[in-house]
Each structure stands twice: as C-alpha cells, then as structure tokens.
There are 4 protein chains.
Amino acid sequence: MNATSGRMDMLADGSPAQAHDRYQQVRAATTWLAAPLSAEDCQAQSMPDASPVKWHLAHSTWFFETFMLERYEPEFVPFDTSFRILFNSYYNSVGERHPRPQRGVLTRPSLDQVRAYRAHVDERMRAVIDRMAGRDAAFDNLLALGLNHEQQHQELILMDVKHLLWCNPLRPAYRRAAAPASKAAVDMRWIRVEGGVVDIGHAGQAFGFDNESPRHKVLLRPFELANRPVTQGEFRAFVEDGGYERPEFWLSLGWEAACDNGWKAPLYWEHLDGDWQVFTLGGRVPLVDEAPVCHLSYFEADAFARWSGARLPTEAEWEHAAQSGKPAPLEPNTLETGEFAPLPARAQAADPGTFLQLLGDVWEWTSSSYAPYPGFAPPAGAVGEYNGKFMCNQYVLRGGCFATPASHLRPSYRNFFPPGTQWQFAGVRLARDPAH
Amino acid sequence: MNATSGRMDMLADGSPAQAHDRYQQVRAATTWLAAPLSAEDCQAQSMPDASPVKWHLAHSTWFFETFMLERYEPEFVPFDTSFRILFNSYYNSVGERHPRPQRGVLTRPSLDQVRAYRAHVDERMRAVIDRMAGRDAAFDNLLALGLNHEQQHQELILMDVKHLLWCNPLRPAYRRAAAPASKAAVDMRWIRVEGGVVDIGHAGQAFGFDNESPRHKVLLRPFELANRPVTQGEFRAFVEDGGYERPEFWLSLGWEAACDNGWKAPLYWEHLDGDWQVFTLGGRVPLVDEAPVCHLSYFEADAFARWSGARLPTEAEWEHAAQSGKPAPLEPNTLETGEFAPLPARAQAADPGTFLQLLGDVWEWTSSSYAPYPGFAPPAGAVGEYNGKFMCNQYVLRGGCFATPASHLRPSYRNFFPPGTQWQFAGVRLARDPAH
Amino acid sequence: MNATSGRMDMLADGSPAQAHDRYQQVRAATTWLAAPLSAEDCQAQSMPDASPVKWHLAHSTWFFETFMLERYEPEFVPFDTSFRILFNSYYNSVGERHPRPQRGVLTRPSLDQVRAYRAHVDERMRAVIDRMAGRDAAFDNLLALGLNHEQQHQELILMDVKHLLWCNPLRPAYRRAAAPASKAAVDMRWIRVEGGVVDIGHAGQAFGFDNESPRHKVLLRPFELANRPVTQGEFRAFVEDGGYERPEFWLSLGWEAACDNGWKAPLYWEHLDGDWQVFTLGGRVPLVDEAPVCHLSYFEADAFARWSGARLPTEAEWEHAAQSGKPAPLEPNTLETGEFAPLPARAQAADPGTFLQLLGDVWEWTSSSYAPYPGFAPPAGAVGEYNGKFMCNQYVLRGGCFATPASHLRPSYRNFFPPGTQWQFAGVRLARDPAH
Amino acid sequence: MNATSGRMDMLADGSPAQAHDRYQQVRAATTWLAAPLSAEDCQAQSMPDASPVKWHLAHSTWFFETFMLERYEPEFVPFDTSFRILFNSYYNSVGERHPRPQRGVLTRPSLDQVRAYRAHVDERMRAVIDRMAGRDAAFDNLLALGLNHEQQHQELILMDVKHLLWCNPLRPAYRRAAAPASKAAVDMRWIRVEGGVVDIGHAGQAFGFDNESPRHKVLLRPFELANRPVTQGEFRAFVEDGGYERPEFWLSLGWEAACDNGWKAPLYWEHLDGDWQVFTLGGRVPLVDEAPVCHLSYFEADAFARWSGARLPTEAEWEHAAQSGKPAPLEPNTLETGEFAPLPARAQAADPGTFLQLLGDVWEWTSSSYAPYPGFAPPAGAVGEYNGKFMCNQYVLRGGCFATPASHLRPSYRNFFPPGTQWQFAGVRLARDPAH
C-alpha cells in the first residue's frame, strides 16, 4: 500500500547485520502465519477483494525480486519470467498483470514452488544486503519499503483467511485459542481535546509510508473523543433498536448497500438459537459485550455514530489526540488470546484523561476521505504507484488492529478502505463537538 | 440538493409582493426551459442518473405542495394522493417513492396534467404567500429553499435534456443558437495566493444551502491557481498525446472507468472526418479551441492535471481565491450565445492578477471530497435529507456554469457529483504548489 | 416475426382493388390501436423486451419502405435516411440498427412525424400497389408478408402497452371496458385423440409464415387433451397450494427464475386486502375464476401441469387436435368485452368431444422447442432473417389470443417466446398420456 | 446426470463378486484421474459451470452414502453430517445445499479428508454389496446408477481440469503425452440413410439412464450424414473465411454470445506467431488439421453447418444412423495418445458406407432440444431429479468423446448442454436433406 520516505527505524545503525535480522524476522513472520494452513487453504480466493494466501506469499517475494534484485544484482536473472506477470498486484509501470479476481485459479505454481521461490529470493537478498545495506540510502529505503510492504500483507493474510473460512459453512477456525477471560468494560467517557494549529503527519527519521507525508499544519476546533472504541455490547443495542431498518441514520449510499446486501448486523455476526455469535479466527464464539466491535463498514460506523448522537472523528482529530492525549501504554492483543480481548484490567483504574485501545485493537474509521496531504509527491518510478493512485472514494482508518505488526502501530499511519468493505478489522471510536 | 439557513436575499424586504414576484419568476423560468420540448422529449429518461423533464416539472411542484402547502394550509387536501409517491425524489421521511431508474415509465400523469398540477399549486401558493410571507421566518426560509431547489432542477433539466438528445443518433438540438464569434483565448497564467487562516463558507444574510455552513476557519498554505479554466484546445492536446491510453496519469478507479466505458475523449466529443465535433444544446459544432473544456469527469480532470504537472485546487483554495483574488465582473454566457463562449475581449487586457470565468462558465472540479463542514448540522425533519446524506464518495465542484441560475453564482456554493459522472457541465482550473 | 410462402388469402382474386382494401384495413387497425394513447404513452419503453408504440408505428412502416418501395419504386428516395437505422429491428443484412434497449430514448422523430411517415409511405404504397398488385407473385407475397408483419406488431403493441401501464403504480387502463358477465365455467374434460402418422404444417394457398412450412408427416402416439384451457380459478388453487414454493414441480431453470425474480403468482396478479386482483387493459379487476389464466411463462405452465399430474402438449399434438378434434366455432373475445371472458354459455351444452377456446382466447404453451420443420428453408435475402435465426431456446405457443388479428387464427400458426417471458397473453391447456 | 432403468450389463450374473469388481474398477478409475493433480489443483473452481476435482471426488461418494448406505445400512450413521449439504449437487429433495458457484471456497474438508471419506464409504459399500448384490433389483439398479453417475463425473473431471489449467497463463499440462503420428484425414463423404418409422431409445437389459427411455417410434425422412466429424482443418477454413464476423451464419442468440464474449475461434485455440495452437490436456500443441474439431458450442457448430450449406442432424437421425449405418469398430482415442488423434489408417480403406468415429472421439451436437421422450417418467424420489428437471434450453449431443468411459459409449446415450457452453469435448458431424 505505499512508498517510503525517511530512514528505517529498524535498521537503526544501518549495518548489514541488523538488516539481515530484520529481513529474516519479517519473512519468518509471514511463513509463521501460513503455517496452520493447508495447500488448499492457501489456494482459494473467497472474493475479488481478497487474495489467496499463496498469492500473498509469492507477491511479497516478487516485490523484493522486482524492485530490489533486478536493480541491485549485476547479472539479474528472474527466478521464473512468468512470475513477473502472475504476481504483479497493480503496478502498471511493471507491465501486464494477471487479473485480480482470477488469482484463485492459479494452481500452478504450487505452494511448494512458491515456498521454493521465497527461499531462493531470500538467499539472493542475503547476498545483496551484505553488499549494499548501510552504504546506499536508496537501497536502505527500498529494503524498508519491501519489509513494511510484506508486513501489510501479513495483515491482509489474516483478513483474507478469515473471510475464506467464514464462507465455509463449517466455520472452521484458523487457530484455536483459549477463551479470553471476561472482564467488565471500562465506562465510556468523553475526553476534550483543545484545537488550534497542530502538526499532522509522519515525523522523525523512522520509516513511514509516503502517504503519511509531508508533515503539515492543520487547524482544528476543540472536540471531544471517546476514551475507548465502541463495544460489541453497545453495537448490539443499535442492532436491537432497529438500526439496520431505519434509513434516517444512514448515508444514502450506505442505506443502498445495506438493502442490496441484506445487512442485518455486522459481518461475521450470526443470530443462532436466540443469541449472537461471532466468527473469529479462533472459530465461532458468543458475542463478548465488552470487546470492541469489529468488521464494521464505514457506513455502519457512521450510522452507529448518528444513532448515538455523535460523529466520526476526522483523521486529523484522531492523530492529534493520539499524539497528545496520554494514550495508555501499548498492550496489544495477541493471536494467542483470541482475536479481540476485553479491556485489560489496568485500564479500569486509568486516568480519566487517558485514551485506551488507540493502537493495536481495531482500526477506527475516521470521517476523512483518503486524500493526499498538502505537498504530497509520490516517489518517481513504479513504487510511486504504491499509494497515490488509490486516493479516491476511500476513507481513512487509524490505529491498527491486533493483526497489525507492532512496528506499524503509530499515530501517523493511514489505512484506507472503500466505505462499503467489511472484512478488515475495523471498528469505531466516537467523537463530538463540545457543547459550548 | 439542500436545505436552507439564513434569510432570503431575494426577498430583501420580505414583503408578500416581492415574494410573489420571486416565486413567479422562478416558476416561469422552469416553464420557459421546457418550452422547446415536446411531450415525448419531456417523457424519456436516458439513464438512471437523469430524470425526465416532466418529472422535474412535477417534483419541483411536489416540493412546494409537500413541504409548504401541507404545513401552511389549514385544510390541506393534496392535488392527487398518488403524486406523493410518484414525485418524491429521495425523502425517506416522507414515505415511499417510485424507484428512480423507473421514472421514464410514468407516462401518466401526462405532461398536460403536470402543467395543470403546476398551475394548481401555484394558485394555492399565492394564497399562502399572501398570508404568510414576511411574517414568519420559517415560512420565508422554506419558500427560499423551495425556489432555490427549483432553480437547481432548472440546471438539471438542461443536463438531462442534453444527455437525452445525445443518445439519439440524429443529435437533435435543444435550441439552435448563433455560432459564437471566435476569439483568441487569454494566455494561461498562474496567480499566487497567500495562505494563512482564512474564512470559508456562507456569510451574510442572503440565502445559502445548509451544506455551505457553518462559516469556519481553514489553514491554507500558499498556492497558485490558473487565471482561467482549461480550454478545449488544451484538452485536445492531452487527448492527442495519448492521455486516455496512459495509466500513469489516472487514479486507479479512473483508469478502470476509462477502460470499462471505452473513454477516448470527453463525453459529447466525436471524431468525424478527421476533426473533433462537440455536441451542444445547439446541436453539433466544431471544437472551439479557446472555449472552456466541459463535461469532464473528476477522473479526467485529475488525469489532465497530472499530465500538466499540476493538480486540482481544494475547495477551500478555490473559495478563498474567489473571495480574494479580484475576480472579473460577471459576464455569464447565455443560452443565446450557445453553450460555451470564447473568453470575452475585455479579458484580454485584464490585470494579470485577475481570475477570469470563475463564476457561470463551467463548474470546476476540486480535489475535495464532499464532506460536512465542522459543526454542520442539517435542519430537523425531512428537509434535513436535502444534502447531508449524500456526503460520501462525491467530489465538490465550484463556480457554476452557463446553465446555473445567476442568483446561485456565489463563491460559497458547493456542487457535488460522483467522480465518474460526465453529464454535468464541468471543467477544470489548474492549481499547483509554488516553487519555493 | 417471419417470412412468407404461398399466396395471400386476403387477396383472393389478386386485384389491386382488393389489395388496396386489405392494406388500408390493416394500416387503419394499427392506428386505431394507438388512438387511446398519448404521445407520452407512445414514447416510453418499459423493458428491453418491449418497444415503444411509436417505434412499432414507425417500424411497420419501415418494413414497407425498405422491402417494397425500395424495390418497386423506380426512383426510390427514402423519406428520411436516418430511419433506415432507427427503425430496423434485427435485419443484419439491411445494415446497422439502433440498439433495442435504447428505443425509448428516441424522442425524435416525434409521434406526429411518425404519423406523417406512415401517411407518406401509405401514399407511395398506393401507387405501387396500383401498378403491381396481382401482376407479380413476388410483389403479392411481399405485400402479404408486410401486412401480416404489421398485424403481429398490433398484438405486440397491446402486450407492450399493458406492461408499460402496469409499471405505473397508478395502474391506468388502456381502454375502460364493461365488466364481463360472469358465468360458470365449463367442466374440464379429457378428450382422447388417436395417434398415427399425421400431417402438420401450413396447407393450402392462403398466407402462412415460412416457419409453418413445409407441411410434413409426424408420428403421434394416442394422447388426451383438455377440452378447454386452465382457468384462473384452477391456477389460484396451485398458488394457494404453495406451488411457487415447491421446487419439485419446477424445471431447474424455472425454479431459478422464480427465486431470482421473486415470483409468487402470475404477472399482473396482486394480492390486495385479502383478495386477488388482476391487471388488464381495462384496468385492475378481481380475478374471474372461470376465465382462462393468462400471462404464464413456460416455466409456470409446466409447473402447473406437473402439479396437476399432467403435462404440456407437443405442438404436433396440439395442431393435430385443432385440425381434427371438432373445435367449437370461433367466438373470439373482443376488446370491448374486456381482455378475457368467461366461457360463453353455448359451450356449456357442447358436445363432450369438442375443444373449446382453441383459437383466439389465450396462447397455449406447448412443450415443443421452437425448431425448423424438416426441410425448412428460409427465403433468400433479408426477409430470410424473419424467423429462422430465432430458433433456439424458445418454446412454441399455439392458438392465438384475444389480441391476435382474426386472420392470424389458424391451427398451423407458430408463436414462440423464451421460457421465462410473461408479458405475452399466454395460458395453458393440459395434456396427458392415456392410461395404458 | 440421470436415473436408471433396466438391469446393469456389467453385473451380468448379478453376483456380489462381479459387483465388487465393477465397483472397485470405477472407483479406482476416478482416483487414477486425480492422481496427477496437486491438492491445489483439486481445490480450484475456474467458473460457476465447473467444479473443483475435490468436490467431484466427494460428491460421487456422497451419492453412494446418501442413496445407498442410508437406505441399506440398518444402523446408518453418516461419515460427517455436514457433508450432506456440502456435497449435494442439486437434489432439492435431499435438503439444503452449498451454492454451486461457491464450491471453490470449501478448503475444508481437505483433499486428504475427502480421500478418507472415499475409503470409508468404500468399506461400508463392500459390506452392503456383500449382503445385497444380486438379491434385490432395486439395490442392483441403484448400484448401477451410482457407478454410472461416478463415470459421468470422471468425464467432468477432465473437462473441468482442462478449463482450470487453461485459465492459468502458464498453460500447464494435465499429463504430458507423446505427439500423435500425423496422418492424412479420410475424405468427407455423404452417406444416405433411408427414413421411415424407426425405433429410438434404449433397448435391451443393459444399463441406461432414464432419459434414454422409453424406446419409441419416430418418423424420419431420408437424410444424408457425413461419414466422419468435421476436422480442425475444415473449421480453420471457416475461421479464416471470416465465419466469426458474419452474422448471416449465426443464430441470433449465437451472434450475441459471439459478440459479448469476443469469440474469434473455438475455445482453447490461440493464434500465436502467425499460427494456430490448441490447448489440450497434454499442453499446447499446433493445430492438427486431420483431427476432429473440438470444444464448439452449439452456436458455433450450427454456424459452421450453415456456412457449409448443411445442417446439424437431429438426435433421432443420429441414433438411427448409428444403429443401422455400419459403424466402424470402436477404436477410441486414449489419453495416452493425446486428446485427439488423426483418423486411424484402417479407416482410409473403409467401405464408403461406413460411419467413422461415431463413438468415443468427440461429442456431436444435434439440432434437437433436450426433451423427454414420449411417455418419459422419471423414477420416484430424489433420483427422479437426475435428468428430467434439466430438460429446457439445452441441446442433445451424441457419441461420446475420448474422455467418456468406454461402457458409456452406446448409440442411445443422450448428453446435453446449453447452447453457449464450450468446455465439453464437443464437435460436429454434418447432415443434409438429399437432393431429390
């Protein structure tokens, strides 16, 4: 999803040794995510928006081969010339590509061959890293981009696998997990944030995607932001109040989407034997009232906010709050504890001015259309297609979710999806204008 | 397209006499627009986005009947109960409605019956105006809203008729017009505008739609804006440079739209016998190089800007420039001179710091997604559906076109369309960041 | 719908005077059908399968101009060159044509201009008939074809107008008619028909379409055919027995169509205030139990037959029965008595071996796929496209309906529609194999 | 594809030993077909018409479990209750089913689990066969049906795998095969067949599907049928004569299909470097002029026939010729010799009255719509859904192809597909009416 600027934090001293470590960690994490999956699981594509896991494994490797090996190997020969087309996602400058909705028919190369492709490129990347890392800023930047790119696909793997397994009436689990200990949710509180001219966008030398830059000033009015995301229990009240049958809460396009698709509740919710169940990566579980609601489209988040007498925050409000509002120390949910977890106990006693679960729980929809920051200039060449060309009819999400790699969790990170999509791990935190 | 705030300018003294005049002018203008059209022309619907002229004639009347007569007549009886459903556009609060793409099948009521409906409602409105105008602010506001609403439909009538006639291989004219005298275009110049915290949004007591409010402060960086819109000749150069075959200039969704719909040039352009012809309300005419290019989608405007090494202005930049940048006195094109006119001679000698053709030539796409202004609150009740629920996946246009009623031409007016639509009279004015 | 063979019956002596009479009668009947309709009614197209009445008026005229005037006028000049494209239905050999689903956007030429076109062609046809009729078999055949073609469009006009008016929630009437006097229906009886080698297809010198030829022998097994069509009351029993919810009665494609389109009863039936109403050309009326059920698709007719423990007849069975089975004298329903009429009283006392309502009540679906008869050869040239190229995925209907011109009512006439269409006036007569 | 009548030929003496042999042969053949395929290959579904190989493996097993074990095991417990839904193809009487276009998302159960399911059911079937075979006609018939059903899926596996591999731009082979030795084709000759009242339909005690019955009499006129199918070389001449650009040869629906889908040649043909290549199960090979053309839709077969001045045979003509016309001894192509083979040498010297390649080369389209034979009655219960409900908008093919199990090759066998499908192994043999 986007191109780099700045130096990589994770290569702090820029040494080849550190670059090797980092490369190896990221690549291994992807492999680990695919480990519970069979060759069949890795093959199937559940909808045009999603990709097969095998494709993710190959495409993230293709990225290194195409954008790094081809440039930095003096006698570059591709692993397989056909892969240039098969595993190109959307880079027009790189040439042709296999149509996205048809990725699921590519049974060849096999999963084993794709694993061999990964190993092969890793070996060649090691040689190139040895020679170049820390000696060439462009190289270091591309390496950082490639690794952050692969991390984005790690999250996509979990989104896509979850949707695939959901399409199976057996509702199989990706990994079984211990049920989280249930705890009372923290009360929802409004926290006032003063406005003014504030700085927004990526700062410092650490890695950031091109769409987070340039850092720039924005004028904000005072606003109030909720101390935590909306919970499943709160959203259930909206459902049970007829929220999905009352057009007055919905954007016109949202109402159309709800009618056309027969939405009655969030994706992955099922009403069985009189109770709500939620499908998770750990299988089907009862609704957990205190956990953040997840898998909302923008339309549903917006309708919920209107029903609540509130609104979505803008992305600038969100980022400013996250920078300034005493966020609680990060305690991200992990896959081991299930997909979502009740708010940790420490939070119960938290300072009333503290924002909870800002980073690493669920993505939070903002009301901001995804657009370039003032002065935005994508890098030259193919990597310039990373982000810029998608800045239309999408809305920004902030904060990261349990599936987001920890090093991506930062206030300036901009995720984005069309307003009708539901398969990303997205919830909502309410905002409002202060009563004067 | 939206609900009112503030008092009506056109009813400056608020007297019934003035309200009568204003009402009568606006209603007569609509009738005049339909005059050249046969019953058949008024019946047909050329696409789901467009409506039959007969439907416009009835719906604008329905608006007065439903939102004013029903409230202000003590013994209100509807002209025809079925019209409540047939001519409701999108007001969920008013109840059911006939599906939009099926408006063209409503051959009954006939055009004559719709004219009778107009006359009938006019007569009852006269009585109500007599009794209420100038004595009740809510009444005055609703009247202003109804009239401004009808004026918006006047422009829609011309858009929809043009598209309908275009769908006919005979390419018939709406009204024949004398060919405009051709003149050299003014050279394109960049005008620098300083940034800072500026005020944006509707000001004063005159009528404005709800989406123009509240007036609020925005922080702008310095920018440059072109002195005039892009011309047909300039856009032809883009076409002839392969602009429609080169994905590097296009947003991803725009490229998809161009491929799916086979776009090779703007809507209404035809390449015949080696030359470009343009279909206008006056029939098919040769391209006029010095006239503003029209009927661009957002995608085409954006691709052209990228090809030019420039960008679209934001709506705040545009409005600030229009407020502060010495706009030339209004000299709108009229239907008599054809749809578009070359730049008037007086402009040739104009001050280099003067913005030309800002208002009343062609709508100008901005890069701003259509969103509520900070603190926006739609009015209560059905008229609250006027604007707010459409604030998603649309982009703002500014300036008005030759078909926009003159009283709508103001810097704060926000028009909006989805990025792929082409049938509105929309062009583009370039912006860029200053070289430092 | 098809090309001619044999001489015209209606021009028995072949004299110009008789040809004039016949031409004038047919053309006047078309005009009469359009008389109750406004310009708006004649403009609209309610679905891609239907055409505007104005288009029918023009196309039937185009047929004479293109296939007769162009050939028989020495100095032929077309009325308007653009009409060649605008009003070509499907003749590839004649060149380009306006796309069928877009016929409703042709507001020009106006209805008045189309009427002028009709008058103009009529005048030129008179001159040509004077000169040629009775002197040239090819001419006489083409004239007969043109007139029979126009008669087919007369029935299409009523089908299309009915569908258009139905799409209007006002459910307006085409012509108001006196309610038919209700009478008890004749009991349904099975009539046995012996098989053997029988002759099928058009015989004699009278006009017939090419698809009715050649007459040929078919081997039939003994069968039983109902004495009358299925009634609305009988079909209501199927509906109320859950016929539309039970897949076991339906062809697989039929079940799909029923689910996809939400069929719950025949087209034009509405369940209002606990009772069934039917929309007719005379407006909405209560179901008449003894009248033949109408507007069934092939799928519904077939499902009903299966539910009844019977089947549809083949077209050869039907035609053989109609030739041999003592049909009652024709007493077609007329528009004056409403669209469908209860069985006439005389039938009550009828001979138990008499088939009732075979011709001119409702079209009756047969189980026969529309295919060429053995030895079928379409005529050379464009009129060869009349029938042959449609012989795929359509099913044959026999008998004619109240809207079919009387001179078309003959046992060999083959009508045909795709199995999912409902807007033709089609019912069903049951057949079955004799017990042992 | 259909339900049984008559006893099974392959169980001639009805002994359990023979039934075991037969069961084991058929089941092993299915396994053998899947052997060259990876778990990924068995997972993917290339289009809604096709199914994953894994699904075929499971569904054919489900058939035995549902229709035999459930009936004949006293203490039946299903292998997995969810399989009843997952692997039901289209039997409404059996209950719910997983939607066909979504079969490719069922990554669980895995291929290994499906293999275990096969083994498990095989073991239980062995016990039931031991107990019942030869002692109960209904049991024997169901067993025959189950085995013939599985054989039909063997052919579907090859069709579906071929289409899947074709969707991969790598065009991978299913099994590599030695190139067939090229030989000159036999000259095309017309063979006259006398008409009369002939018997059509399944005869004798051997197994036949329900749609082949009852045997009945048909009246045929004399006709001529080609001695062999149309070759690739002959079809290439049609392509190169502009056959795909000339509507005069096409049925109206066929022309639409050709335009909508951009057909320029048969499926699997590619024009590369100036020459035609054909994709086969053995990979991409050059066109073999003397081999039968394959993968024609009905529309293409019909257009070719018209271009040739001929027509398709009816199914009765085909079957009568196959019964009476001295067919050459069967020498079916095998997978080892590639998908299609030039005509064997022995044929060159053949009697001019001999029909060549009638059985086991390519399916041959007939002009007959798929319809029930007179007196057809599907068996009671769920297996009655096997064939009858598909008798609409499909056309009959005869003869079998190289992929058809040898025991299915008989003159009365009726295959059927919608006229626009291309992925079955279908060619064409010409027929014509004799010149008198």
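Being a predicted model, the structure only gives us computed values, none of them experimental.

Novice: Help me understand the overall build of chain A in this model?
Specialist: Secondary structure summary: chain A contains 11 helices and 14 strands in total. When burial is assessed residue by residue, chain A has 62% of its 436 residues classed as buried. Considering only residue pairs separated by 6 or more positions, chain A has 80% of its internal contacts joining residues 24 or more positions apart. In the structure as shown, chain A presents an accessible area of about 15,600 Å², 54% of it carried by carbon and sulfur atoms.

Novice: Teacher, can you tell me more about the interface of chain C and chain B here?
Specialist: Taken residue by residue, the interface counts 29 residues in chain C and 29 residues in chain B. For the chain C and chain B pair, buried surface summed over both sides reaches about 2,100 Å², with 59% attributable to carbon and sulfur atoms. The three residues of chain C that bury the most area against chain B are Glu-40, Val-105 and Arg-108 of chain C, which together make up 32% of that side's buried surface. For the pair chain C and chain B, the interface holds two salt bridges. Two residues, Arg-108 of chain C and Asp-41 of chain B, come together in a salt bridge whose shortest N-O distance is 2.9 Å. Mapped onto the side of chain C that touches chain B, the elements with two or more residues apiece are helix H2 (39-43), helix H5 (111-132) and helix H6 (137-167) of chain C. Considering every element that reaches the side of chain C that touches chain B, the biggest residue donor is H2 of chain C, with four residues. Here the side of chain C that touches chain B is composed, by residue class, of 15 nonpolar, nine polar and five charged.

Novice: Is there a simple way to think about the relation of the copies chain C and chain B in this case?
Specialist: Here the two chain copies are tied together by a rotation about an axis and a shift along that axis. At an RMSD of 0.0 Å, chain C and chain B line up after a rotation of 180° and a shift of 0.1 Å along the axis. On the angle and the small slide along the axis, the relation comes out as a two-fold axis. Taking C-alpha positions as the reference, the residue of chain C nearest the rotation axis is Glu-40 of chain C, at 2.6 Å. Take the interface residues of chain C: 100% of them recur as interface residues in chain B, which is what a same-surface contact looks like.

Novice: Explain the nonpolar core here, please?
Specialist: As a rule of thumb, soluble globular proteins bury nonpolar side chains together. Leu-143, Trp-250 and Trp-365 of chain C are the most contacted members of the largest nonpolar core, which has 113 residues in total. Looking at this core element by element, the count peaks at 15 residues for H6 of chain C. With 112 residues, the next largest nonpolar core counts Val-105 of chain A together with Leu-33, Tyr-91 and Tyr-244 of chain D among its residues.

Novice: Which parts of the structure should I look at to understand the sheet that holds strand E11 (residues 395-398) of chain B?
Specialist: Strand pairing in a sheet relies on backbone hydrogen bonds. The paired strands run either parallel or antiparallel. Residues and elements named next belong to chain B. Spatially, the four strands line up as an open sheet ordered E12-E11-E10-E13, and their pairing is mixed. Strands with a single pairing partner mark the edges of an open sheet, and in this sheet they are strand E12 (415-417) and strand E13 (426-427). Pairing of strand E10 (residues 363-369) with E11, which is carried by three bridges, proceeds in the antiparallel orientation. Each bridged residue has a counterpart across the sheet, and for Ser-369 the counterpart in E11 is Tyr-395. Contacting E10 and E11, helix H10 (residues 315-324) crosses the sheet at an angle of about 135° to E10.

Novice: For this particular structure, what's the right way to read the pattern of salt bridges?
Specialist: Where charged atoms from two side chains of opposite charge come close, those side chains can pair. Across all of its chains, the model carries 107 salt bridges over all chains by this definition. With its nearest N and O atoms 3.0 Å apart, the salt bridge here joins Arg-246 of chain C to Asp-241 of chain C. Overall, Arg-246 of chain C belongs to the partly exposed group, its relative accessible area being 28%. Glu-270 of chain D is the salt-bridge partner of Arg-171 of chain D, the closest N and O atoms lying 3.0 Å from each other. Separated by 99 residues along the polypeptide, Arg-171 of chain D in the loop between helix H6 (137-166) and strand E2 (190-193) and Glu-270 of chain D in strand E7 (residues 269-272) bring together distant segments of the chain. Accessibility assignment for this pair places Arg-171 of chain D and Glu-270 of chain D in one class, buried. Through salt bridges that share partners, Arg-27, Arg-118, Asp-122 and Glu-150 of chain A make up one connected network.

Parameters at a glance
Numbering of residues starts from 1 in every chain and runs along the sequence as written. As they are written, the chains are lettered A onward and the ligands numbered 1 onward, keeping that order. Reporting in this predicted model follows two pLDDT cut-offs: at least 70 for local features of residues, and 80 or more for side-chain atom pairs to be given and counted; totals over whole chains, interfaces and linings ignore these cut-offs and use all residues. Water and hydrogen atoms play no part in the side-chain values, which are based on all heavy atoms of the structure. Comment: elements are numbered from the N terminus, with helices defined as DSSP H or I runs of at least four residues and strands as E runs of at least two. Each residue is placed in one exposure class: buried if its accessible area under a 1.4 Å probe, protein chains only, is under 20% of its type's maximum, exposed if it is over 50%, and partly exposed if it falls in between. Contacts between residues were defined by any pair of non-hydrogen atoms, one from each residue, lying within 4.5 Å. Under the convention used here, a 1.4 Å probe and the Shrake-Rupley method define accessible areas, while residue burial counts only the protein chains that appear. Buried surface area refers to the total accessible area, computed with a probe of radius 1.4 Å, that the two partners give up upon joining, counted for both partners together. Here, a salt bridge means any Lys or Arg side-chain nitrogen found within 4 Å of an Asp or Glu carboxyl oxygen. Gly falls in the polar group here, along with every residue not listed as nonpolar (Ala, Val, Leu, Ile, Met, Phe, Trp, Tyr, Cys, Pro) or charged (Asp, Glu, Lys, Arg). We place the copies in one frame by least squares, fitting the C-alpha atoms of every residue whose pLDDT is at least 70 in both. Buried Ala, Val, Leu, Ile, Met, Phe, Trp, Tyr and Cys residues form a nonpolar core when they are joined through side-chain atoms within 4.5 Å. In this description, strands pair whenever DSSP reports at least two bridges between them. All axes are obtained by fitting lines to C-alpha atoms, using only the stretch in contact for helices, and the reported angles, taken between N-to-C directions, cover 0 to 180 degrees.

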